[in-house]
Amino acid sequence: MPSPSTTSLRRPPRRLLRSRLARALTTPHGVDGFLGLVDPLLATDDVRARVTRVRHQSADTVTLTLTPNANWTGFRSGQFVNVTVEVDGRRHTRCFSPAGPEQSGELELTVKAKPDGIVSRHLHDSARVGTVVTLSQALGDFTLPRPRPRRLLLVCGGSGITPLMSMLRTLEAERYDGAVTFLQYACTSADVLYRDELTSLAARGAFDVRTALTRETDAPEADLEGFFCRDHLNAVAPDHADAETYVCGPTPLMDALAAVWAEDGIGERLHAESFVPTRALVAPDADASAGTVTFAASGIAVDAGGATLLELAEGAGLEPASGCRMGICHTCTRDKTSGTVRNIVTGSVSDRECEAVQLCVNQPVGDVVVDL
Amino acid sequence: MTATVDKTSEATHAGLSAADVEAFGAEMDAIRDRVLADLGSRDADYIRRIVTLQRRLEVLGRSLLFAGFIPPAWLGGVAALSLSKILDNMEIGHNVMHGQYDWMGDPALDSRTFEWDTTCPAEGWRHSHNYVHHTFTNVVGKDRDVGYGVLRMSEDQPWRPLWLGNPVYALLLATFFQWGVALHDLETDRVAAGEKSLSELAEPGRVAARKAGRQALKDYVLFPLLTGPAAPLTLAGNGAANLARNLWAFTIIFCGHFPDGVEMFDEATLEAETRGQWYVRQVLGSANIEGGRVFHVLSGNLSHQIEHHLFPDLPAHRYAEIAAEVRDACRRYGLPYNTGRLGRQFGSVVRRIVRLALPRRRARHAGPEQTR
């Protein structure tokens, strides 16, 4: 819970805390090793944020307001942040686009709980006011150019609304006087996000806000029904060739837009952001011999062929540090950037991104990338 | 009581049939898998509580020493700082560097980057301890923890007149244990013996010197200077805390492998050693210390040395929970489970150090000593 005293502590005497003296006095754990005793938000460089508001716009979404510490350098609307949360003792990182205006010092995240989404489910079910999360700085170039284009078309589906909502709110805060069409795709009227705010923006005549429902017919508030097609486009933005268009949502939606824009030969005016995992999920019982292991830092790729990561690396001529070769000494531990591995001692399968794995007892299951 | 065990025949490994050895190994694997599958927020919360306690004790200890001219404050400061260093080295550093908490994905508890409050750099320790000691446990000539290169701890180390000083060397090693561990990692004794070239020492030597410099600067220059007129008292206090930690760590660590009844092995043991045989060797080569909960925490749970050697990368606070099961399995398979109060275990270590200062009084078998 933020109180006046913790708010002031959020701005520590940074020059002192980053000084060589402070480092020398706190070696080997560093200043950060002690700042957490005062406030979990305090850090010399890490961006951390505290949840200050939790609300549910629909049954399977949660909208969180985060107040970051002084290390947060802000964002441009459309960008995303990596959010790290701890679930049952394990850290997990996922990216989310803040939905608030970029002028705000806070971050608003709207997260849709996916049935198998560890992070999204955790945030949906367990985030409370006071919860502390770790953030990256803002990343990505899915942003509005300056000067702002005179005609904008913003298309979103599901929780892909967040970067576009941020753009819309940023434009509103800037008193943007160009023309914006905002088209939201949702399954049913109960799934429409930011409904009240969008309605009031539309009522003031600031923006042209349209809603399309893909799985509900005859809803009074639906401007359109069904999935995106050229008819939808002609109905809401027949002048789309004159607009800069931003789209974020499920892959079929983005593919459908890309096809139309390509047909019209204006592909360069369509800007897309996708949060769908690029890797294919592999079944736990899949064949270990299929797939490619990429040792990213060495630029070497080899066929998996049923060997351990250590054997594969050594077979490729690499010489990673290793020790016991039986999974006890952790000398060969390296970061697995992506992919699924099976521990040959315990049989456990793991597909976490960016996790430390012991090369000597892990076999690739499908394609794997190792930072080696 | 001394008996010879034929180490080269698999059929009589520690008096167990080959099938029993593997069955014992399978039981140990089952315990390990069960705990691994159960790791979660309980373990994360535990280690974070210990880290928080350690950091508070450090702040408390160093703060009290600012009032070091008041005797109770000085004593309290030394006590708090000693406990801080003991917790940091034993329950946090040693265990974190084993990879016991790598599954959490927390950079502050990552075995690859963790650094501890002692002279020995974590980098060298991870090699000499996690790999060499834990893989080749008690194999004379391979496990450099047998005597730390400066003590005669086994009859298998041939007696020379130099060993008359064994008790004196032990006292010196205990007093300067953090420096002993740092030198032990550098393998300076192997350089002296011509097994390793001086140039191989250059880089690890530089790393060790930097780490030692940072530690000494903090404890013996900066904090004393900060306390102004109390500087000599702070210097003495920090020295006393380091000494207390040194004596404690030496005591606990030497009770882990050198009380009566613990076996030493020759290098032939390692030939084609199975996982089951490796487990058996860990049991035969380790000894526990009985005590209360606080004692176990302060020993870094190395009081459960047997469980630690069976499962070096399971969170150490779990050892007490699985000890009964391990002990029961040892009983069923007829394996010794060496345990006793601190006084008894340490007493037998001291007797061994003194006894081995002298050559064998009468000719006996050349095999390792062993009492059942």
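Definitions and limits used
Residues numbered from 1 in each chain as written. Chains lettered and ligands numbered in written order. Predicted model: local features only at pLDDT ≥ 70, side-chain atom pairs only at ≥ 80, totals over all residues. Heavy atoms only, no water. Patch = residues over 30% accessible without salt bridge, like charges linked within 9 Å, V, L, I, M, F, W, Y side chains within 5 Å. Areas by Shrake-Rupley, 256 points an atom, 1.4 Å probe, with all protein chains shown as cover. Salt bridge = Lys/Arg side-chain N within 4 Å of Asp/Glu carboxyl O. Helix = DSSP H or I, 4+ residues; strand = E, 2+ residues; numbered from the N terminus. Buried < 20%, exposed > 50% of the residue type's maximum accessible area, 1.4 Å probe, protein only. Pairing = 2+ DSSP bridges. Contact = heavy atoms within 4.5 Å. Axes fitted to C-alpha atoms, helices over the stretch in contact; angles between N-to-C directions. 1 Å grid on protein atoms, 1.4 Å probe; cavity = no way out; pocket = protein on both sides within 12 Å on 5 of 7 lines; lining within 4 Å. Points joined across faces, edges and corners; volume = space filled by probe spheres on them. Buried area = accessible area lost by both parts, 1.4 Å probe. Polar contact = N/O pair within 3.5 Å; in protein donor to acceptor, adjacent residues only side chain to side chain. pLDDT = per-residue confidence, 0-100.

1. Quick word on a nonpolar patch on the surface
Residues and elements named next belong to chain B.
Reasoning step 1: A surface patch of nonpolar side chains, about 410 Å² in accessible area, is lined by Leu217, Tyr220, Val221, Leu225 and Leu235.
Reasoning step 2: Its location among the elements puts valine 221 in helix H8 (residues 202-226).
Reasoning step 3: Exposure remark for valine 221: the relative accessible area of 35% places this residue in the partly exposed category.

2. Side note on the sheet that holds strand S8 (residues 179-186) of chain A
All names here are of chain A.
Reasoning step 1: The parallel open sheet is built from six strands, whose spatial order is S10-S9-S8-S7-S11-S12. Lying at the two open borders of the sheet, with one neighbouring strand each, are strand S10 (224-225) and strand S12 (270-273).
Reasoning step 2: Here strand S11 (residues 244-248) pairs with S12 via four bridges, running parallel. Across the sheet, threonine 245 pairs through a bridge with leucine 270, a residue of S12.
Reasoning step 3: Across the sheet, helix H6 (residues 161-173) lies against strand S7 (151-157), S8 and S11, angled at about 150 degrees from S7, the strand it touches most.
Reasoning step 4: Packed on one face of the sheet, helix H9 (residues 251-263) meets S7, S8, S11 and S12 and runs near 155 degrees to S11.

3. Considering the layout of surface pockets
All names here are of chain B.
Reasoning step 1: A volume near 800 Å³ is recorded for the second largest pocket.
Reasoning step 2: Around the second largest pocket, the lining is made up of 27 residues, and of these Arg144, Gly149, Asp189, Arg190 and Glu195 lie nearest the centre.
Reasoning step 3: Where the lining of the second largest pocket is concerned, the elements lending two or more residues are helix H4 (122-135) and helix H7 (188-192).

4. Some words on the environment of A:Pro252
Residues and elements named next belong to chain A.
Reasoning step 1: Considering the arrangement of structural elements, one finds proline 252 in helix H9.
Reasoning step 2: Among the residues examined, proline 252 registers a relative accessible area of 60% and is labelled exposed.
Reasoning step 3: With 237 residues separating them in the primary sequence, proline 252 and arginine 15 have C-alpha atoms 50 Å apart.

5. Regarding the interface of chain B and chain A
Reasoning step 1: Every contact between the two is made by 44 residues of chain B and, on the other side, 30 residues of chain A.
Reasoning step 2: When chain B packs against chain A, the two sides together hide about 3,000 Å² of surface, and 57% of this comes from carbon and sulfur.
Reasoning step 3: Inspection of the chain B/chain A interface yields three salt bridges.
Reasoning step 4: The salt bridge involving B:Arg48 is made with A:Glu86; its shortest N-O contact spans 2.6 Å.
Reasoning step 5: Across the contact surface, chain B and chain A share 12 residue pairs in polar contact (both at pLDDT 80 or more).
Reasoning step 6: Every element with two or more residues in the side of chain B that touches chain A is listed here: helix H1 (18-38), helix H2 (41-64), H4, H8 and helix H10 (275-284) of chain B.
Reasoning step 7: No other element matches the nine residues that H2(B) contributes to the side of chain B that touches chain A.

6. Details of the confidence of the model for chain A
Residues and elements named next belong to chain A.
Reasoning step 1: A residue-level look at chain A finds 93% of positions with pLDDT of 70 or above and a mean pLDDT of 90.
Reasoning step 2: Every residue in residues 1-10 scores below 50 in pLDDT, and together they form 17 contacts with partners more than four places removed in sequence or on other chains.
Reasoning step 3: For residues 277-285, every residue scores under 50 in pLDDT, and the model assigns this stretch 11 contacts once sequence neighbours within four places are set aside.

7. Regarding unusual backbone geometry
All names here are of chain A.
Reasoning step 1: Cis rather than trans, the peptide bond between threonine 27 and proline 28 has omega equal to 5 degrees.
Reasoning step 2: Inspection of the secondary structure assignment puts proline 28 in the loop between helix H3 (20-26) and helix H4 (32-38).
Reasoning step 3: Here arginine 146 and proline 147 are connected by a cis peptide whose omega angle stands at -5 degrees.
Reasoning step 4: By the secondary structure assignment, proline 147 is in the loop between strand S6 (132-135) and S7.

8. Topic: the pattern of salt bridges
Reasoning step 1: Under the definition given, this model contains 55 salt bridges over all chains.
Reasoning step 2: A:Arg50 is paired through a salt bridge with A:Asp39; the nearest N and O atoms lie 3.0 Å apart. Here the residue A:Arg50 occupies a position in strand S1 (residues 47-55), and A:Asp39 occupies one in the loop between H4 and S1, the gap between them amounting to 11 residues. In terms of burial, A:Arg50 and A:Asp39 fall into one category: buried.
Reasoning step 3: For B:Asp38, the salt bridge is made with B:Arg42, and the minimal N-O distance between the two is 3.9 Å.

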